[in-house]
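This is what each chain is made of:
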Amino acid sequence: MGRGRAPRFPCLGGGRVLPRSSLPAGDTSVLAGLYGPAEVKVSKEMYDKATVEVLLRPKVGLPGVFEKNREQLIRKTCEAVLLGALHPRTSITIVLQVVSDAGSLLACCLNAACMGLMDAGLPMKSLFCGVTCALDATGAIGLDPTAKQEKEARAVLTFAISSVERQVLLSTTKGPCSVEEEQLGLWGGQARYRRRVRQETGGGRVPWRQGEGNPWGMGVPS
Amino acid sequence: MAAAEALPAEERVGQVVLPGDVLLLPAHPEADGERLWLGPGAALPGRLLCGPGLRSCGAGLLVTKCGLLRHRQPGGAGGGSGGAYWVDSQQKRYVPVKGDHVIGIVTIKAGDIFKLDVGGSEQASLSYLAFEGATKRNRPNVQVGDLIYGQFIVANKDMEPEMVCIDSSGRANGMGVIGHEGLLFKVSLGLIRKLLAPNCEIIQELGQLYPFEIVFGMNGRIWVKAKTIQQTLIVANILEACEHMTAEQRTQALAKLSER
């Protein structure tokens, strides 16, 4: 609990993957690459919104059913925050590569996907953040469990929490837990959300390259 | 960062804004209440223009992209209300906008229409009659793989983008096929906007180094041609690198080059 979880850094829309910092041993880390809005195959295109595709590649081996399940969860979350109606008949592809897994993998993938969407400049309604809770046999709740804590826990809950009034975008549970325990886990997650977003955005400051000039009215060669 | 607090837009100008932030607008005294005009074009005095990265919502403006919030006062008799707000954000992928001048690469030549790759999600179409002095008998000499500098006359999310190489009076005005020599390379969209700002220092300093021809496309593409291949490559490398260099580093790099 309380370990620095570093979601890995994303690419710029258009195809470059840019890992920004080196990796402390033992942490979970996921590399995200974002491509879009790009051309889409006619069979997959949607006339009124963008087609979001997520590809999750495990560290070793070929992706299987487990990864497919995760991909759908991440896809639904991203679709909920993206303003897909602004880019109909296009595709937005998010590629996540697991670099190391030390527990709380889904939450880390969600964070990496959100950072990727932000960095690519895709229009979004809000930001979101992933949080994992582990319930042990006594009912105590631990946030951001390690792989060992996840195995020993009675139930593991993962939430994706939006930046708009901390709404819940995704909730997935593995293992038995009562409704009250799930609520407690959610409140803990929402409290952790505040701290997590502050960490990720550097206290509200996003590392940014400042550009001058405005997009219109200026500088168009005549 | 708590749940998004709604703050007045004026207070956030020049600060980083994140998607989900709501910006409140001052109430307008006009009879028809607060109205926002979305899209390019001059804002009427008293009307607020909502630019890239912002959407109007019930309470005011909803931020949809990360970046710095900017504001431009309305020119002329606009008074306190009106003007334009937008978010300066960084991205590499281009989305066609009407009126933008871009560099496209001809991919298909099909009868009366050329299809151009402009770096967006769809290819743009260009009619063979949209060149200066083109008639049905006098067709322009355009081959697959040529570079074309033109502007969008139709560019929205629902339709295929269309380009032309003439302005509203029928003159080319610099648009058309770009010559066969020179080098085309890609940079981020923010750098292009910076280079196209009036009195850009980078271009002035580079101009003192070597004479060269340069074309900027708003889709992130730059075409450069200098007297020799080596000079062309030097200019291209400086432009690509100056996105990440400070002004002093750039001056040092240019000083080293002019010594040679």
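Definitions and cut-offs
- Residues numbered from 1 in each chain as written.
- Chains lettered and ligands numbered in written order.
- Predicted model: local features only at pLDDT ≥ 70, side-chain atom pairs only at ≥ 80, totals over all residues.
- Heavy atoms only, no water.
- 1 Å grid on protein atoms, 1.4 Å probe; cavity = no way out; pocket = protein on both sides within 12 Å on 5 of 7 lines; lining within 4 Å.
- Points joined across faces, edges and corners; volume = space filled by probe spheres on them.
- Helix = DSSP H or I, 4+ residues; strand = E, 2+ residues; numbered from the N terminus.
- pLDDT = per-residue confidence, 0-100.
- Contact = heavy atoms within 4.5 Å.
- Buried < 20%, exposed > 50% of the residue type's maximum accessible area, 1.4 Å probe, protein only.
- Polar contact = N/O pair within 3.5 Å; in protein donor to acceptor, adjacent residues only side chain to side chain.
- Patch = residues over 30% accessible without salt bridge, like charges linked within 9 Å, V, L, I, M, F, W, Y side chains within 5 Å.
- Areas by Shrake-Rupley, 256 points an atom, 1.4 Å probe, with all protein chains shown as cover.
- Salt bridge = Lys/Arg side-chain N within 4 Å of Asp/Glu carboxyl O.
- Pairing = 2+ DSSP bridges.

A. A look at the layout of surface pockets. All names here are of chain A. As a volume, the second largest pocket reaches approximately 510 Å³. Of all elements in the fold, only α1 (65-81), α2 (105-120), α3 (147-152), β6 (155-162) and β7 (168-174) reach the threshold of two or more residues within the lining of the second largest pocket. When residues of the lining of the second largest pocket are assigned to their parent elements, the largest contribution, five residues, is made by α1.

B. Seen up close, the confidence of the model for chain A. All names here are of chain A. With 75% of its residues at a pLDDT of 70 or more, chain A shows a mean pLDDT of 78. Per-element averaging of pLDDT across chain A places helix α4 (residues 179-200) at the bottom with 74 and strand β2 (residues 51-57) at the top with 96. Note on residues 1-25: pLDDT under 50 across the span, and 77 contacts to partners over four residues away in sequence or across chains. Overall, residues 203-222 carries pLDDT values under 50, and its contacts beyond four positions in sequence, including any with other chains, amount to 44 contacts.

C. The environment of Gly121 of chain A, seen in detail. Along the chain, Gly121 of chain A turns up in the loop between α2 and β4 (128-135). Of the residues examined, Gly121 of chain A reaches a relative accessible area of 7% and is grouped as buried. Spatially, the C-alpha atom of Gly121 of chain A lies 9.6 Å from that of Gly36 of chain A, the residues being 85 residues apart in sequence. The contacts of Gly121 of chain A, once residues within four sequence positions are left out, are Lys65, Gln90 and Gln91 of chain B.

D. Seen up close, the side chain of Arg89 of chain A. Locating Arg89 of chain A in the fold gives a position in the loop between α1 and β3 (91-100). A polar side-chain atom of Arg89 of chain A sits 3.2 Å from a polar atom in the side chain of Glu122 of chain B. At 3.5 Å, the side chain of Arg89 of chain A forms a polar contact with the backbone oxygen of Lys157 of chain B. When sequence neighbours within four positions are dropped, the list of residues in contact with Arg89 of chain A reads Val40, Glu45, Met46, Tyr47 and Lys49 of chain A together with Glu122, Lys157, Asp158 and Met159 of chain B.

E. Region of the structure containing a nonpolar patch on the surface. A surface patch of nonpolar side chains, about 300 Å² in accessible area, is lined by Ile141, Leu184 and Trp187 of chain A. Looking at the secondary structure, you find Trp187 of chain A in helix α4.

F. Structural context of the pairing of strand β18 (residues 221-226) of chain B. All names here are of chain B. Of all six residues in β18, five are buried, a share of seventy percent or more. In this sheet, β18 lies alongside strand β16 (residues 183-186) in antiparallel orientation, the contact comprising four bridges. If you follow Lys186 over to β18, its bridge partner there is Arg221. With five bridges connecting them, strand β17 (residues 212-216) and β18 associate as antiparallel partners. What sits directly across from Ile214, in β18, is Val224. Here β17 hands over to β18 after four residues, with Gly220 in that stretch at a positive phi of 90 degrees.

G. Representation of the pattern of salt bridges within the structure. This model, assessed by the stated rule, comprises 16 salt bridges over all chains. Residue Lys68 of chain A pairs with Glu71 of chain A through a salt bridge whose shortest N-O separation is 3.8 Å. Taken together, the residues Lys68 of chain A and Glu71 of chain A, both in helix α1 and three residues apart, mark about one turn of the helix. Given the relative accessible area of 5%, Glu71 of chain A is considered buried. Between Glu160 of chain B and Lys115 of chain B there is a salt bridge, with the nearest N and O atoms lying 2.4 Å from each other. Pair noted here: Glu160 of chain B is in the loop between β13 (147-154) and β14 (162-164) and Lys115 of chain B is in strand β11 (residues 113-117), with a separation of 45 residues, a long-range link. When its relative accessible area of 28% is taken as the criterion, Glu160 of chain B is described as partly exposed.

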